[in-house]
Amino acid sequence: MRSIFGPDGLIAKAHPEYEHRPGQIDMAEAVLRAFEQKHHLIVEAGTGTGKTLAYLVPAIAAACGSGARVVISTGTKNLQEQLMDKDIPFLQETLPAKFRAAVMKGRNNYACLHRIKQAESSPFLEGLDQIDQFDEVFRWVTQTETGDRAELSNLPENLPFWRHIDARSDTCLGQKCPDYEPCFLTRMRQRAMDADVIVVNHHLFFADLALRNGAYGAVLPDYAAVILDEAHQIEDVASEYFGSGVSNYQLDDLLRDVSYLKIEDREAERELTRISSRIQRFADLFWVSFREGRGLDGRFALTPRGSSPTMREGAELDEEQAGTPALPALDNALNRLETAIDILKDAPADAEGILRRTRQLRFDLNFIVKAADKEFVYWLERRGRGAFLRASPIDVSGLLQDKLFEKVPTVVLTSATLSSGGNFRFIRERLGLEEGEEMIAESIFDFENQAVLYLPAKMPDPRSPQWGAAAAEQVINIVNATEGRAFVLSTSNAGMNEMFERVASQIDYPCFVQGSASKSELLKRFRETPNSVLFATSSFWQGVDVRGEQLSCVIIDKLPFAVPSDPIIAARQRHTEEQGGSSFYEYSVPQAIISLKQGLGRLIRSTTDRGVLAVLDPRLRTKMYGQSFLKSLPPCRVTSNIDDLIRFFAVESAASA
């Protein structure tokens, strides 16, 4: 590793912006040891460590040396694209070993040739704009090599009709499909089978892990080792894929696909139409029966009461007027559909997939609504016109232990933020990683000189009515001292909007607020507008990179404790208490520390960056647990004097002059 990463190594000779980083070499050696000795590794590598190259080089060495495939899983598409478009091509040119790499994304990222041909005669397009967009997609599929939706960069991100033409497993005919050979998924899998290194994202990785050894087989080719980057996201992603879910969209799509079946028997066709109408009627009653959260977006917990679900706070499931509970009526109608399709003579190829989906839908509906398994938390989510019923495992540590850490010889977990209070106890317990090496890679940043941590001398309690005005006054003072160039990050949408309303009119700098444009467009405007200020929430806390003096200040309003009313968070906290632990100190505090480190990690992105970290929450100083937060932050100077910020930037201006 030293011959590759050292001051005179291969990378130094090939990379014009090379910086010698001892922490990068230490991490690369630890990753190589994990491969060679077949053990697990957890490593925190802060911004500036160069962690992607530090795990890629030993992964490539291991794959080429043993012939065993390595999977690299990322938390964001941005990092996935960085690996495939930048880091891996660089190493293919630089390293003496020749290796092949492939990218795999979830099925709904790819166009389905069969469904696109069917769609020409399907009436799902609305308006001239969608007709023009579909024509563009139709031309594109005749030219593209990959069929990856990301190539359609000039079309809107949320194409309304994409879900009708993507390659989702629900509608896949597999090898029976007339387009199986030219299929984009077939080609993607072949590239992956031929590759030494496969780059995926966490959603695809855990979807595959949940399916392995099951009825439908694996999604990814077999592998001997996996590197999970941005590993602080793993618990939430794993709980999604080891659970169950049903949505109103699923039922709508099922009925639409039933209507497209080409049935020769006219009586059978009429019977399917009657059954579909019945399902639609009972489905409408079923979704209406959930009173809690009606008209509101968000998550709402479900609790069992007999055979029907009820909401927390006593909101019971309505029953159909005729007295039949909504679920049994819907289940009976779906059962009739299942039987009708099962006895079809000369059934079209699509019928098998519809039969499989109907059976799975019935199973998931009954599992979630009856809510009998105490290991799961049951909840409803509303997003716009969508209603989603979900069951998520409360504790994924045992599942990950069985399906991942005991099955795969080498698992490397890495992120800029995995430790809390200087150790990995929290993340190990949450993920079930009992054994394995651990390390915190040394950063090359000089935080003592590059950053200042500003903590206001006196602030009201964040839950008090005085908080909003006091926090806004602090933001105005800080932003004036830093001459804009700031992210103001809030822990809630309401907090963000209130802060924006109070501050934007009181400062002389351009202000942007999350929600007024897409995330990528807001970042573009922020980068291109001198001295601007961006007000945002959690989606800007990670995966956002703004280098240089354009971002010189990150202000965080409150300690980012997870919302206790969220059904999954509440269930995890209850579980911790039931095990005899303290949900606050053993779950809430460590999780908030990791989130805070993510937010503050937006600021110092290179050795030349300088800036102010500001946390307005007085609990950092007034509560005992505040010391755990401070201990976890970079070792920078701490001040409560706003004039110190002005002097800090005056020194910067003098140096640049």
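Please read these numbers as outputs of a predicted model, since none were measured by experiment.

Topic: the pattern of salt bridges
Tallied over the full model, the rule gives 34 salt bridges. One salt bridge in this structure joins Asp566 and Arg299, with 3.0 Å as the shortest N-O distance. Of this pair, Asp566 sits in the loop between strand E17 (553-556) and helix H21 (567-578) while Arg299 sits in strand E7 (residues 298-305), and the two are 267 residues apart along the sequence. Here Arg299 falls in the partly exposed class, since its relative accessible area comes to 35%. The partner of Asp644 in a salt bridge is Arg647, with the nearest N and O atoms 2.5 Å apart. Here Asp644 pairs with Arg647, and both are found in helix H25 (residues 642-656), just three residues apart, close to one helical turn. One continuous salt-bridge network, built from bridges that share partners, spans Glu267, Arg270, Glu271, Arg274 and Arg336.

Observations concerning the sheet that holds strand E15 (residues 511-513)
Taken in spatial order, the seven strands line up as E15-E16-E14-E17-E18-E13-E19 in an open sheet, and their pairing is parallel. What marks the edges here is a single partner per strand, and that holds for E15 and strand E19 (637-639). The mean inter-strand angle of the sheet, taken between neighbouring strand axes irrespective of direction, is 20 degrees. With three bridges connecting them, strand E13 (residues 451-454) and E19 associate as parallel partners.

Topic: the sheet that holds strand E1 (residues 41-45)
A sheet is described by the order of its strands in space; here seven strands give the open sequence E3-E4-E2-E5-E11-E1-E12, paired in parallel fashion. Both outer strands of the open sheet, strand E3 (101-103) and strand E12 (437-441), are each paired with one neighbouring strand and no more. Direction aside, the axes of adjacent strands within the sheet are offset by 15 degrees on average. Taken together, the four bridges between strand E5 (residues 225-228) and strand E11 (residues 410-415) define a ladder with parallel strand orientation.

Describing the packing of aromatic side chains
Aromatic ring pairs are defined here through the distance separating the ring centres and the angle between the ring planes. With the rule as written, the count across this model stands at 21 aromatic pairs. Ring geometry for Phe205 and Phe206: centres 5.1 Å apart, planes at 90 degrees, overall edge-to-face. Residues Phe205 and Phe206 agree in their burial class; the two are buried. Among the aromatic side chains, those forming a connected cluster through ring pairs are Phe561, Phe584, Tyr585, Tyr625 and Phe629. Seen from the ring of Phe282, Arg281 lies directly overhead, with NZ or CZ sitting 5.2 Å from the centre. Between Arg610 and the ring centre of Phe648, over which it is positioned, the NZ or CZ distance is 4.0 Å.

Re the environment of Met104
Along the chain, Met104 turns up in the loop between E3 and helix H6 (113-119). Separated by 11 residues in sequence, Met104 and Arg115 have C-alpha atoms that sit 21 Å apart.

Re the packing of helix H11 (residues 248-260) against helix H14 (residues 350-370)
One can describe the packing of H11 onto H14 by two numbers: an axis separation of 11 Å at closest approach and a directional angle of 150 degrees. As summarised for this structure, H11 and H14 are arranged roughly antiparallel, according to the angle between their axes. Here the hand of the crossing between H11 and H14 comes out left-handed. On the side of H11, the interface is formed by Gln250, Leu251, Asp253, Leu254, Asp257 and Val258, while H14 contributes Ile354, Arg357, Thr358 and Leu361.

Description of the packing of helix H18 (residues 467-482) against helix H19 (residues 493-503)
The geometry of H18 relative to H19 is characterised by a closest axis approach of 9 Å and an angle of 60 degrees between their N-to-C directions. In terms of their interaxial angle, H18 and H19 are classed as oblique. Here the hand of the crossing between H18 and H19 comes out right-handed. Two secondary-structure elements touch here, H18 through Gly468, Ala469, Ala471, Ala472, Val475 and Ile476 and H19 through Glu498, Met499, Arg502 and Val503. When grouped by side-chain class, the residues that make up the contact of H18 with H19 number seven nonpolar, one polar and two charged.

Considering helix H4 (residues 51-66)
In this model, H4 (16 residues) spans 23 Å end to end at C-alpha, consistent with the 22 Å of a helix rising 1.5 Å per residue. With 12 of 16 residues buried, H4 is to be regarded as a mostly interior element. Residues of H4 that are buried include every one of Lys51, Thr52, Leu53, Ala54, Tyr55, Leu56, Val57, Pro58, Ala59, Ile60, Ala62 and Ala63, and no others. A positive phi of about 75 degrees marks Gly67, the residue just after H4.

Some details on a nonpolar patch on the surface
A grouping of Phe584, Tyr585 and Met624 is seen on the molecular surface, where their side chains present a nonpolar patch of about 370 Å² in accessible area. Following the sequence through the fold, Phe584 ends up in helix H22 (residues 583-600).

What to know about helix H9 (residues 202-211)
Most of H9 is tucked away: seven of the 10 residues are buried. Those residues of H9 lying buried are His202, Leu204, Phe205, Phe206, Ala207, Asp208 and Leu209. Tucked into the core, H9 has its buried residues touching strand E2 (70-74), strand E4 (197-201), E5, helix H10 (234-241) and helix H15 (397-405).

Re the pairing of strand E14 (residues 486-489)
Consecutive side chains along a regular strand alternate between the two faces of the sheet. Burial along E14 is two-sided: the face carrying Ala486 and Val488 and the face carrying Phe487 and Leu489 are both buried. One ladder, built from four bridges, connects E14 with strand E16 (residues 533-536); its direction is parallel. Bridging from a neighbouring strand, Ala486 pairs with Val533 of E16. Where E14 lies against E17, four bridges are found, and the strand directions are parallel. Bridging across to E17, Leu489 finds its partner in Ile556.

A few points about the nonpolar core
If you look at the biggest cluster of nonpolar residues, it comprises 42 residues, and the most contacted ones within it are Phe205, Val226, Leu400, Leu404 and Leu413. Counting residues in each nonpolar core, the second largest holds 41 residues, with Leu254, Val258, Leu272 and Ile279 among its members.

What to know about the confidence of the model for the chain
Averaged over the chain, the pLDDT score is 86; the fraction of residues at 70 or greater is 93%. Here residues 305-324 is modelled with pLDDT under 50, and outside its nearest four sequence neighbours on either side it reaches 46 contacts, counting other chains as well.

Focus: unusual backbone geometry
Phi at Ala371 takes a positive value of approximately 50 degrees, unusual for a residue other than glycine. With respect to the secondary-structure elements, Ala371 resides in the loop between H14 and strand E9 (376-383). For Ala371, a relative accessible area of 5% corresponds to the buried category.

Quick notes on the rules
- Residues numbered from 1 in each chain as written.
- Predicted model: local features only at pLDDT ≥ 70, side-chain atom pairs only at ≥ 80, totals over all residues.
- Heavy atoms only, no water.
- Salt bridge = Lys/Arg side-chain N within 4 Å of Asp/Glu carboxyl O.
- Helix = DSSP H or I, 4+ residues; strand = E, 2+ residues; numbered from the N terminus.
- Buried < 20%, exposed > 50% of the residue type's maximum accessible area, 1.4 Å probe, protein only.
- Pairing = 2+ DSSP bridges.
- Axes fitted to C-alpha atoms, helices over the stretch in contact; angles between N-to-C directions.
- Phe/Tyr/Trp six-rings, centres within 6.5 Å; stacked < 30°, edge-to-face > 60°.
- Lys NZ or Arg CZ within 6 Å of the ring centre and 35° of its normal.
- Parallel < 35°, antiparallel > 145°, perpendicular 65-115°, else oblique.
- Left-handed = near helix turned anticlockwise from the far one by under 90°.
- Contact = heavy atoms within 4.5 Å.
- Nonpolar A, V, L, I, M, F, W, Y, C, P; charged D, E, K, R; others polar.
- Expected span 1.5 Å × (residues − 1).
- Patch = residues over 30% accessible without salt bridge, like charges linked within 9 Å, V, L, I, M, F, W, Y side chains within 5 Å.
- Areas by Shrake-Rupley, 256 points an atom, 1.4 Å probe, with all protein chains shown as cover.
- Core = buried A, V, L, I, M, F, W, Y, C linked by side-chain atoms within 4.5 Å.
- pLDDT = per-residue confidence, 0-100.

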